[in-house]
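The chain contents come next:
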Amino acid sequence: MKAVETMYWENGRLYVLDQTRLPAETVYVVCRSCRDAADVIRTMKVRGAPAIGGVAAFGLVLAAQELRGDREAFVAQLREAAGELLNTRPTAVNLRWALERLLARVEAEPGDPARLREVLLAEAEAVLRDDLAANRRMGTYGQELVPDPARILTHCNAGALATAGYGTALGVVRAAREAGKRVRVYATETRPFMQGARLTTWELMREGIEVVLLADNMAGYLMARKKVDLVIVGADRVAANGDVANKIGTYSLAVLAHAHGIPFYVAAPLSTIDLRTASGQDIPIEERDPKELTHFRGQPVAPEGVQVWNPAFDVTPHNLVTALITEAGIFRAPFEDALRRVIGNGREE
Ligand code: MRU
């Protein structure tokens with residue numbers, strides 16, 4: 001079956017798959033302005049760290065289309081637009097990474113605003129191309145860690161939908177399958193936004209990869225019954241010491257995996273690794289609307305006025321991470337020196 005594109009650019013507009021309508025409907029939202037791009041990120045029509053980085057990159061291209069004035073004014077306003085995009089979701093560092101990549105490209109280009117618009121579009125397209133290539137390389141490395149047969153527990157959605165295609169954690173699953181291995185995926189529903197139930201199951205079922213849905217609180221019992229060979233998740237930000245911010249509930253799975261002697265893998269591209277953030281304590285964690293917990297599909301499921309805590313992510317300390325799978329290879333503790341070496345060689349920090 002043809003892969004569904006998370007986003008595509010056509011005739012000066014960005015089309016973004018509305019993930020809030022999946023699995024019932026496959027509908028694309030048209031972004032005509034930087035504000036539209038910021039809006040689809042904020043409302044989680046697009047989600048997943050690399051995917052929101054991609055939309056932010058094209059958001060800057062859309063901003064550039066509207067800007068007037070000479071080069072200096074153009075660059076100053078572009079920086080303001082980048083600020084607006086950056087403020088949408090604080091945890092996924094791919095957003096900052098993509099915006100800085102485009103701004104650096106503009107700084108390095110001597111041309112006038114017309115030329116800068118062309119350069120920005122080419123760079124945004126390269127962000128998507130590079131992400132897809134990184135995911136495939138991650139898959140090639142990561143699938144070596146997958147036994148045959150394998151029962152793999154994953155959380156949230158770190159698949160094609162969360163990226164430019166193929167996926168990070170689910171990319172490893174895909175690559176294992178392509179290598180002829182027999183894989184079964186256990187997908188947690190991922191309360192409260194249900195990315196696992198709505199998106200991961202949909203994505204895998206379309207490709208005929210066996211997937212079993214479970215509620216988040218069933219993972220411990222599943223492990224106790226020896227039905228999980230490995231856990232693999234994505235990341236929104238990996239700190240320099242290897243601590244991992246990912247969807248709320250990831251930390252609980254890492255602790256459970258540790259208690260049951262099950263390997264816990266994180267698949268993330270280098271664009272998710274943030275060497276400017278020393279440890280998980282320094283990662284900003286997004287807190288979302290209490291309504292995600294007090295309501296389900298518009299219906300109240302809790303008493304009106306109840307206090308709510310709704311962090312969208314948690315932090316898994318590096319000592320619980322068996323290995324970090326990237327497009328530059330597989331890293332094990334201690335992470336920091338190796339990550340600094342590989343990122344220092346690959347790109348500016
Ligand atoms: O709130 P979301 O759905 O954007 O959270 C997504 C995740 O936590 C993913 O695991 C992470 O972004 C990695 S996606 C390859």
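In the block above lies the structure referred to throughout.
Keep in mind it's a predicted model, so treat the numbers as computed, not measured. (Residues numbered from 1 in each chain as written. Predicted model: local features only at pLDDT ≥ 70, side-chain atom pairs only at ≥ 80, totals over all residues. Heavy atoms only, no water.)

Moving on, we come to the overall build of the protein. Secondary structure summary: the protein contains 11 helices and 16 strands in total. A compact globule built from 349 residues should have a C-alpha radius of gyration of about 20 Å, and the protein, at 20 Å, falls within 12% of that. Within the span of the protein, comprising 349 residues, buried residues form 57% of the whole. Summarising the internal contacts of the protein: among those between residues at least 6 apart in sequence, 75% fall at separations of at least 24. Counting every atom, the protein has about 15100 Å² of accessible surface; 51% of that belongs to carbon and sulfur. One way to put it: in the protein the 42 positive side-chain charges average out to a point 5 Å from where the 44 negative ones average out. (Helix = DSSP H or I, 4+ residues; strand = E, 2+ residues; numbered from the N terminus. Rg over C-alpha atoms; globule rule 2.2 N^0.38 Å. Buried < 20%, exposed > 50% of the residue type's maximum accessible area, 1.4 Å probe, protein only. Contact = heavy atoms within 4.5 Å. Areas by Shrake-Rupley, 256 points an atom, 1.4 Å probe, with all protein chains shown as cover. Lys, Arg positive; Asp, Glu negative; His and termini not counted. Charge placed at Lys NZ, Arg CZ, Asp CG, Glu CD.)

Not every one of the 18 residues close to the ligand is listed here, only the nearest: Arg 47, Arg 89, Gln 195, Asn 246 and Lys 247. Between the ligand and the protein, one listed contact pairs an oxygen atom with a backbone N or O atom of Ala 49 at 2.8 Å. The separation between an oxygen atom of the ligand and a polar side-chain atom of Asn 246 is 2.6 Å. Considered on its own, the ligand offers 420 Å² of accessible surface; in the complex 99% of this is hidden by protein. Among the residues forming the shell around the ligand, the class breakdown is eight nonpolar, six polar and four charged. In this structure, the shell around the ligand is formed jointly by two domains, domain 1 (7-136) and domain 2 (142-346), each of which donates at least three residues. (Near = heavy atom within 4 Å. Polar contact = N/O pair within 3.5 Å; in protein donor to acceptor, adjacent residues only side chain to side chain. Nonpolar A, V, L, I, M, F, W, Y, C, P; charged D, E, K, R; others polar. Domains from an automatic or database assignment.)

All right, on to helix α1 (residues 34-42) then. Taken as a whole, α1 has its buried residues at Cys 34, Ala 37, Ala 38, Val 40 and Ile 41. Across the axial projection of α1, the buried residues extend over an arc of 165°, all falling on one side. The inward-facing, buried residues of α1 abut β2 (13-17), β3 (28-31), α2 (49-66), α3 (71-86) and α4 (94-107). With its phi angle positive at about 65°, Met 44 sits one or two positions after the end of α1. (Arc of directions from axis to C-beta.)

For the rest of this paragraph, the subject is the packing of aromatic side chains. Inspection of every chain in the model, using the stated rule, returns three aromatic pairs. Ring centres of Tyr 8 and Tyr 15 lie 5.0 Å apart, and the angle between their planes is 5°; this geometry places the pair in the stacked category. The exposure class assigned to Tyr 15 is buried, which follows from its relative accessible area of 18%. Centre to centre, the rings of Trp 9 and Phe 58 are 5.4 Å apart; their planes meet at 25°, and the pair counts as stacked. Note that Trp 9 is positioned in strand β1 (residues 7-10) and Phe 58 in helix α2, a separation of 49 residues in sequence. (Phe/Tyr/Trp six-rings, centres within 6.5 Å; stacked < 30°, edge-to-face > 60°.)

Where charged atoms from two side chains of opposite charge come close, those side chains can pair. All told, the structure shown has 22 salt bridges when counted by the stated rule. Notably, a salt bridge pairs Glu 100 with Arg 276, separated by 2.6 Å at the nearest N-O pair. You can see Glu 100 sitting in helix α4 and its partner Arg 276 sitting in the loop between β11 (273-274) and α10 (291-294), a full 176 residues away along the chain. Two residues, Glu 286 and Arg 288, come together in a salt bridge whose shortest N-O distance is 2.7 Å. In this pair, the class of Glu 286 matches that of Arg 288, namely buried. (Salt bridge = Lys/Arg side-chain N within 4 Å of Asp/Glu carboxyl O.)

Glancing now at the sheet that holds strand β15 (residues 323-326). What holds strands together in a sheet is hydrogen bonding between their backbones, with the strands either parallel or antiparallel. Read across the sheet, seven strands follow the order β6-β5-β4-β7-β10-β15-β16 without closing on themselves; strand pairing throughout is mixed. The open sheet has two edge strands, β6 (210-214) and β16 (329-331), and neither has a second partner. In this sheet, neighbouring strand axes are inclined to one another by 25° on average, regardless of whether the strands run parallel or antiparallel. Bridge analysis of strand β4 (residues 150-154) against strand β7 (residues 230-233) gives two bridges, and the strand direction is parallel. Its bridge partner being in β7, Ile 152 is matched across the sheet by Leu 230. Packing against the sheet, helix α6 (residues 169-178) makes contact with β4, β5 (183-188), β7, β10 (264-267) and β15, and its axis sits at approximately 160° to β5. Helix-sheet contacts for helix α7 (residues 195-206) involve β4, β5 and β6, and the interaxial angle to β5 is about 160°. (Pairing = 2+ DSSP bridges. Axes fitted to C-alpha atoms, helices over the stretch in contact; angles between N-to-C directions.)

A contiguous nonpolar surface patch, about 190 Å² in accessible area, is contributed by Leu 293, Val 306 and Val 308. Within the fold, Val 306 resides in the loop between β13 (299-300) and β14 (313-316). (Patch = residues over 30% accessible without salt bridge, like charges linked within 9 Å, V, L, I, M, F, W, Y side chains within 5 Å.)

Attention shifts here to the environment of Glu 25. On the secondary structure map, Glu 25 appears in the loop between β2 and β3. Along the primary structure Glu 25 and Thr 163 are separated by 138 residues, whereas in three dimensions their C-alpha atoms are 19 Å apart.

These values are about where atoms sit, not about what they do.
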